[in-house]
Amino acid sequence: MSDTITVGSEAPSEDNSPKTAPEKKQKPERVASLWTDALRDLRRNPVFIIGAVLVLFLLVIAAVPQLFTDGSPTANGACDLADSLKRPSAEHWFGFDVQGCDVYTRTVWGARNSIIVGVLTTLLVTLVGSLLGLLAGWKGGITDSILSRFTEIFFSIPLLLGGMLIMSMLGKGNAYTVSLVMAVLGWPQIFRIMRASVISNKHNDYVMAARALGAGSFRITFRHILPNAIAPVIVISAISLGVYIGAEAALSYLGIGVQSPEISWGLMISDAQPRFLNAPHVLLFPSAVLSITVLAFIMLGDAVRDALDPKLR
């Protein structure tokens, strides 16, 4: 009996060739670095988020106070003695001061001078201290000795005491003169931090490798040393910003900082202090805003410190 084959049909063929699995796309490897890790940690830190939101809000108030109040404290008719020391109400949230000026309006406009002093002083201190500390730490030798001895002269002068002495000699001040005076007295701290950071980094392997490849001193300093040495400076600068705002308030409270007709929270506190018992709202509101501002910058600085210092992770 013979097998019959149906016309048009094909015998099943077996494919014995090995089947390859579909290739998976490889995810690009994440480049780990101090700054990327710090940024990731900051995004997950609630202290940083709260501090950053408060700081951003305060910066907007200082830049555009017209968004938060209709009036201007320096406009004609802004103050009326008939409203002197009136209590807070639905129309005037913070009440009135002794001159009949709206405390809320003055508090909003006073943010500008206080924020200007804090930001400008921090920028000047960071710039001068970082450059001199970078030079002293990298060069070493006689350059380091001269700059270090020169720094010790300023470092021995307390910030507030020195500010009181200089501002009393200058007479009437404003936000920019206060910033300049505090920058003159505040840069030695950044100098010492940057100098120590540069000294600890300049003998690392990546610096030796760059030097062996023929890189010049300028390239090594600003391309390799500075990015790795700047982290502690950023931390101290962020924390010090709130300190400088508080120092400006102290100088204005003593009558040797920002002075009338300018407005600052310290000046408002100074004017309100004698009337605290019969009109506490005049003192409490600017004091509370000042405290929140200083706290916000300190929170921001603490969060940056925790993110940039690997020992605290």
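Structure first, text after, so check above.
These numbers come from a predicted model, not from an experiment. (Residues numbered from 1 in each chain as written. Predicted model: local features only at pLDDT ≥ 70, side-chain atom pairs only at ≥ 80, totals over all residues. Heavy atoms only, no water.)

Draft legend 1. Layout of the packing of aromatic side chains. Tallying each qualifying case throughout the model produces eight aromatic pairs. Here the aromatic rings of F94 and F285 are separated by 4.1 Å at their centres, their planes lie at 5 degrees, and the arrangement is stacked. Of the two residues, F94 is situated in the loop between α2 (46-63) and α3 (103-139) and F285 in helix α11 (residues 281-308); the sequence distance between them amounts to 191 residues. When the centroid spacing of 5.7 Å and the interplanar angle of 50 degrees are considered together, the rings of F154 and W187 count as tilted. Here W187 lies in helix α6 (residues 175-201) and F154 lies in helix α4 (residues 141-155), a separation of 33 residues in the sequence. Accessibility assignment for this pair places F154 and W187 in one class, buried. Three or more aromatic residues joined by ring pairs form one cluster here, namely W93, F94, Y104 and F285. Sitting over the face of the ring of F155, R192 holds its NZ or CZ atom 4.6 Å from the ring centroid. (Phe/Tyr/Trp six-rings, centres within 6.5 Å; stacked < 30°, edge-to-face > 60°. Helix = DSSP H or I, 4+ residues; strand = E, 2+ residues; numbered from the N terminus. Buried < 20%, exposed > 50% of the residue type's maximum accessible area, 1.4 Å probe, protein only. Lys NZ or Arg CZ within 6 Å of the ring centre and 35° of its normal.)

Draft legend 2. Fine view of α3. Over its 37 residues, α3 extends 53 Å from the first C-alpha to the last, a length consistent with the 54 Å expected when each residue adds 1.5 Å. Approximately 25 degrees is the largest bend angle found in α3, and it occurs at G110. Residue D102 occupies the N-cap position of α3, its side-chain oxygen lying 3.4 Å from the main-chain nitrogen of Y104. (Expected span 1.5 Å × (residues − 1). Bend = angle between axes of the 7 residues up to and from the residue. Polar contact = N/O pair within 3.5 Å; in protein donor to acceptor, adjacent residues only side chain to side chain.)

Draft legend 3. Expanded view of the pattern of salt bridges. With the rule as written, the count across this model stands at six salt bridges. Among the charged side chains, a network of salt bridges with common partners joins D302, R305 and D306. (Salt bridge = Lys/Arg side-chain N within 4 Å of Asp/Glu carboxyl O.)

Draft legend 4. A nonpolar patch on the surface, seen in detail. Residues L127, V128, L131, F218 and F222 make up a contiguous nonpolar surface patch of about 500 Å² in total accessible area. Taken together, the elements giving at least two residues each to the nonpolar patch come down to α3 and α8 (217-229). The dominant element in the nonpolar patch, judged by the number of residues it contributes, is α3, at three residues. Positionally, L127 belongs in helix α3. Its relative accessible area of 52% is what places L127 among the exposed residues. (Patch = residues over 30% accessible without salt bridge, like charges linked within 9 Å, V, L, I, M, F, W, Y side chains within 5 Å. Areas by Shrake-Rupley, 256 points an atom, 1.4 Å probe, with all protein chains shown as cover.)

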